[in-house]
Amino acid sequence: MGKIIACKTSDISPGKMIKVSIDGKDILVANIDGKYCATDDSCTHSGSSLSEGKLDGCVITCGWHAAQFDCGTGKLVKFPVKIRDLASYNVIVESDNVFVEM
Ligand code: FES
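Residues numbered from 1 in each chain as written. Predicted model: local features only at pLDDT ≥ 70, side-chain atom pairs only at ≥ 80, totals over all residues.

Looking only at helices and strands, the protein features zero helices and ten strands. Starting at the N terminus and walking to the C terminus, you meet the elements of the protein as β-β-β-β-β-β-β-β-β-β. What you see for the protein is a C-alpha radius of gyration of 13 Å, in line with the 13 Å of a compact globule of 102 residues. By its C-alpha atoms, the protein is 40 × 30 × 20 Å across when sized along the principal axes. (Helix = DSSP H or I, 4+ residues; strand = E, 2+ residues; numbered from the N terminus. Rg over C-alpha atoms; globule rule 2.2 N^0.38 Å.)

A positive phi is found at A66, a non-glycine position, where the angle reads about 70°. Locating A66 in the fold gives a position in the loop between β6 (59-61) and β7 (68-70). At S95, a residue that is not glycine, the phi angle is positive and equals roughly 45°. With respect to the helices and strands, the residue S95 is situated in the loop between β9 (88-94) and β10 (97-101). Judged by the 6 C-beta atoms lying within 10 Å of it, S95 is exposed. (Buried ≥ 20, exposed ≤ 12 C-beta atoms within 10 Å, placed from the backbone.)

Where strand β1 (residues 3-8) and β10 come together, five bridges link them in antiparallel fashion. Considered in β10, the bridge of C7 is made with V98. Sheet topology note: the β9/β10 ladder contains five bridges and is antiparallel. Bridging from a neighbouring strand, E94 pairs with N97 of β10. Where β9 folds back on β10, the antiparallel hairpin that results is connected by two residues, among which S95 adopts a positive phi of roughly 45°. (Pairing = 2+ DSSP bridges.)

It is worth spelling out the sheet that holds strand β5 (residues 54-56) at this point. Spatially, the four strands line up as an open sheet ordered β5-β6-β7-β8, and their pairing is antiparallel. A strand with exactly one partner marks an edge of an open sheet, and here the two such strands are β5 and β8 (76-78). Direction aside, neighbouring strands of the sheet carry axes that sit 30° apart on average. One ladder, built from two bridges, connects β7 with β8; its direction is antiparallel. Bridge pairing in β8 places F69 opposite L76. (Axes fitted to C-alpha atoms, helices over the stretch in contact; angles between N-to-C directions.)

Turning next to the nonpolar core. In this structure, A6, I27, L28, V29, A30, A38 and V100 are the most contacted members of the largest nonpolar core, which totals 22 residues. For this core, the elements supplying multiple residues, two or more each, are β2 (17-22), β3 (25-32), β4 (35-40) and β10. Counting residues per element, this core draws most heavily on β3, at four residues. The residues touching L28, leaving out its near neighbours within four places in the chain, are M17, K19, A38, T39, D40, D41, L50 and S51. (Core = buried A, V, L, I, M, F, W, Y, C linked by C-beta atoms within 7 Å. Contact = placed C-beta atoms within 7 Å.)

In structure tokens, the structure reads:
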């Protein structure tokens, strides 16, 4: 695939995350104090939209059962049982455009 535009930098305030659709896939894009990161939006536990959860620093907390993932790496941070990490994607910012490499 390649570099695909996800949104404008102004679409995501620092400390916030949004869901975008890229090629029919839901991707979470977050702004961690000016550094952007992207993962799959669907929680690997039961499929909740993670962008509707909470973001604290670089930790996403799922709104359904509180699984926590690192937004930068997609790795599971905390959950009582082992579930898959999220796929994470390289993000490139050029002028005011946020691109995701897929
Ligand atoms: S759906 Fe995310 S923790 Fe259950």
